[in-house]
Amino acid sequence: MLLRRFCWFPWPAMLGLRGAGRRPPGEYDVTTRARGPLAGFGWLKHGIGVGFRHPKPIYGGAGFMLLAALLPMLVTLPLQFQFQFRSPNPGTPPSPIIFVCIMALSMLIGLLIVPLNAGYLQVIDAAERGLPARARDVFKPYRDGEALRLIGYGLVLMLIYFAVLAIIIVATGGGIARWYMQVLAAQANHLLPPPLPSGFGIAMALMTVFGLFMLGFYSIGFGQVALRRRGVFHALGDGAMGALKNLLPLLVLAVSLVLAWIVVWIALVIVVGLLVLLGLLVGPWLSLVLAIPVYAALVLVMFAIMFGVMYYLWRDVSGGDATSDVAPAIAA
């Protein structure tokens with residue numbers, strides 16, 4: 001108890017946020033639970049069903065999320081085109097400094113999208129609890145002044161991710177970074193990619209394990225921040241503990257996602273074959289006209305499933321079956 005009181009600090013008061021000086025709701029009564037292996041399959045099943053149960057708010061919100069996801073690409077692609085094709089040496093890749101600057105700009109825009117991700121998760125929460133849910137509520141964290149805390153969570157998580165990634169690269173010899181720059185150079189000159197560096201297999205194995213852990217870590221922690229208004233570092237602790245307790249169901253979830261993706265690819269091959277056949281019978285323009293809405297619909301479904309799985313993973317592991325603090329606010 002003394003340690004908990006010592007760890008709590010009025011960061012909101014220092015930052016001038018709403019609710020300064022008050023402990024966030026449920027700050028000390030949150031527990032994470034260990035689930036059985038088949039829980040991973042259940043998270044995927046419930047996540048797929050979210051869009052079917054509440055199509056209007058879920059797919060409407062996914063439309064806003066799709067537009068937001070395009071923003072980094074709309075900013076960085078012209079810059080990449082400018083530096084790669086209008087440089088004095090148009091066959092060479094951009095310098096490492098320019099490459100890092102473009103990546104940093106993309107990440108900065110990505111951090112601004114984090115509150116929208118939280119808003120979309122809140123829409124799913126309200127819909128699943130039988131409360132009024134609207135697609136435009138994805139912007140609610142910005143309207144309610146909660147964006148700073150959510151961006152802070154995204155920033156800390158990004159730093160953790162890159163720190164672990166750097167440790168893995170350094171531990172396996174550092175050849176992956178040089179190999180990646182060589183791949184960029186080969187792409188710019190339309191050459192075959194270089195051979196894989198030594199230690200590549202070990203690095204990929206470590207990254208796979210880390211990615212499996214991050215799947216639960218991010219979902220649980222982000223649910224705590226977005227739906228329970230937990231502090232950033234408390235949410236990180238909840239995410240780490242919940243992921244460690246549920247590594248086996250997370251593995252089942254990952255295998256289920258791979259199998260589901262194989263089914264999606266088979267369906268895509270069939271749809272593309274039909275579009276090509278229509279293009280041969282009528283004209284190529286018809287294939288293009290039909291391909292755009294099919295692609296957009298696929299992306300919307302993927303958004304709904306991805307966030308639906310995140311929501312049910314959080315709800316099942318973190319004790320989120322209790323009424324969250326956000327759903328009544330959306331209903332109001």
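Given the structure is predicted, the values throughout are model-derived calculations rather than measurements.

Q: How would you explain the overall build of the protein chain if you had to name every residue and give the values?
A: For the protein chain, the count of helices and strands is 13 helices and 0 strands. Classification of the 332 residues of the protein chain by burial places 39% in the buried group. Roughly 18,300 Å² of accessible area belongs to the protein chain as shown, and the carbon and sulfur atoms make up 76% of that amount.

Q: Let's hear about helix α7 (residues 147-171): which residues, and what values?
A: A rise of 1.5 Å per residue sets the reference length of α7, with its 25 residues, at 36 Å; its end C-alpha atoms lie 36 Å apart and thus fit the reference within 8%. By the burial criterion, the buried members of α7 are Ala147, Arg149, Leu150, Ile151, Tyr153, Gly154, Leu157, Leu165, Ile168 and Ile169.

Q: How would you explain the packing of aromatic side chains if you had to name every residue and give the values?
A: Across all of its chains, the model carries 12 aromatic pairs by this definition. Pairing Tyr120 with Phe307 gives two aromatic rings, centres 5.1 Å apart and planes at 80°, and the pair type is edge-to-face. Placement of Tyr120 in helix α5 (residues 96-128) and of Phe307 in helix α12 (residues 284-317) is noted, with a sequence separation of 187 residues between them. Neither Tyr120 nor Phe307 differs from the other in exposure class; each is buried. Each residue in the set Tyr120, Phe303 and Phe307 is aromatic and connected to the rest through ring pairs, giving one cluster.

Q: Residues and numbers for the side chain of Lys140, please.
A: Summarising the element assignment, Lys140 is placed in helix α6 (residues 140-143). According to the relative accessible area criterion, Lys140 is buried, its value standing at 8%. A polar contact is formed between the side chain of Lys140 and the side chain of Asp144, at a distance of 2.4 Å.

Q: If you had to explain unusual backbone geometry to someone new, which residues and values would you point to?
A: Here the phi dihedral of Arg229 falls at roughly 55°; this positive angle occurs in a residue that is not glycine. Summarising the element assignment, Arg229 is placed in the loop between α9 (200-227) and α10 (232-245).

Q: Run through the environment of Ile48, naming residues and quoting values.
A: Note on placement: Ile48 falls in helix α3 (residues 39-53). Between the alpha carbons of Ile48 and Met302 there is a distance of 9.0 Å; along the sequence they are 254 residues apart.

Q: Give me the lowdown on the nonpolar core, citing residues and values where you can.
A: By size, the foremost hydrophobic cluster in this structure holds 49 residues, and its most contacted members are Trp43, Tyr120, Tyr153 and Phe307. For this core, the secondary-structure elements that each account for two or more residues are α3, α4 (55-85), α5, α7, α9, α10, α11 (247-281) and α12. In terms of residue count, α12 provides more of this core than any other element does, 12 residues in total. With sequence-adjacent residues up to four places away left out, Tyr120 is seen in contact with Ile58, Gly61, Ala62, Met65, Val138, Phe303, Ala304 and Phe307. Counting residues in each nonpolar core, the second largest holds 6 residues, with Ile168, Trp179, Val183 and Phe200 among its members.

Q: Any details on the environment of Leu212? Residues and values, ideally.
A: By the secondary structure assignment, Leu212 is in helix α9. Exposure remark for Leu212: the relative accessible area of 19% places this residue in the buried category. C-alpha of Leu212 to C-alpha of Leu247: the two residues are 35 residues apart in sequence and 7.7 Å apart in space. Other than its neighbours up to four places away in sequence, Leu212 contacts Leu247, Leu250, Leu251 and Ala254.

Q: Quick one: what's the story with the pattern of salt bridges, residue by residue and with numbers?
A: When the charged atoms of two side chains with opposite charge come close together, those side chains can pair. Taken as a whole and judged by the stated rule, the model has 9 salt bridges. Among the ionic pairs, Arg134 bridges to Asp137, the shortest N-O distance being 3.1 Å. Take Asp137: its relative accessible area is 0%, and that puts it in the buried class. The partner of Lys140 in a salt bridge is Asp144, with the nearest N and O atoms 2.4 Å apart. On the basis of relative accessibility, which here comes to 24%, the residue Asp144 falls in the partly exposed class. Counted as one network, the salt bridges with shared partners bring together Arg134, Asp137 and Arg143.

Q: Go over the confidence of the model for the protein chain with me, naming the residues and quoting the values.
A: Considering every residue of the protein chain, the mean pLDDT works out to 79; 78% of them sit at 70 or more. Low pLDDT, under 50, characterises residues 322-332; the stretch is placed with 29 contacts to residues that sit more than four places away or in other chains.

Q: Go over the packing of α3 against α12 with me, naming the residues and quoting the values.
A: The axes of two packed helices give the description: the angle between them and the distance between them. Closest axis-to-axis distance for the α3/α12 pair is 7 Å, and the angle between their directions is 130°. The angle between α3 and α12 places the two elements in the oblique class. Classified by chirality, the crossing of α12 by α3 is right-handed. From α3, Ala39, Trp43, Leu44, His46, Gly47, Ile48, Val50 and Arg53 reach across to α12, where they touch Ala304, Ile305, Gly308, Val309, Tyr312, Leu313, Asp316 and Val317.

Q: Pulling in residues and values, what's your account of the packing of α3 against α11?
A: Two numbers describe how α3 lies on α11: the axes approach to 7 Å, and their chain directions differ by 45°. Taken together, the axes of α3 and α11 are oblique relative to one another. The two elements α3 and α11 cross, and the hand of that crossing is right-handed. Here Ala39, Gly40, Phe41, Trp43 and Leu44 of α3 come into contact with α11, specifically with Pro249, Leu250, Val252, Leu253, Ser256, Leu257 and Ala260. Residues belonging to the contact of α3 with α11 are distributed by class as follows: 10 nonpolar, 2 polar and no charged.

Criteria and thresholds
- Residues numbered from 1 in each chain as written.
- Predicted model: local features only at pLDDT ≥ 70, side-chain atom pairs only at ≥ 80, totals over all residues.
- Heavy atoms only, no water.
- Helix = DSSP H or I, 4+ residues; strand = E, 2+ residues; numbered from the N terminus.
- Buried < 20%, exposed > 50% of the residue type's maximum accessible area, 1.4 Å probe, protein only.
- Areas by Shrake-Rupley, 256 points an atom, 1.4 Å probe, with all protein chains shown as cover.
- Expected span 1.5 Å × (residues − 1).
- Phe/Tyr/Trp six-rings, centres within 6.5 Å; stacked < 30°, edge-to-face > 60°.
- Polar contact = N/O pair within 3.5 Å; in protein donor to acceptor, adjacent residues only side chain to side chain.
- Core = buried A, V, L, I, M, F, W, Y, C linked by side-chain atoms within 4.5 Å.
- Contact = heavy atoms within 4.5 Å.
- Salt bridge = Lys/Arg side-chain N within 4 Å of Asp/Glu carboxyl O.
- pLDDT = per-residue confidence, 0-100.
- Axes fitted to C-alpha atoms, helices over the stretch in contact; angles between N-to-C directions.
- Parallel < 35°, antiparallel > 145°, perpendicular 65-115°, else oblique.
- Left-handed = near helix turned anticlockwise from the far one by under 90°.
- Nonpolar A, V, L, I, M, F, W, Y, C, P; charged D, E, K, R; others polar.

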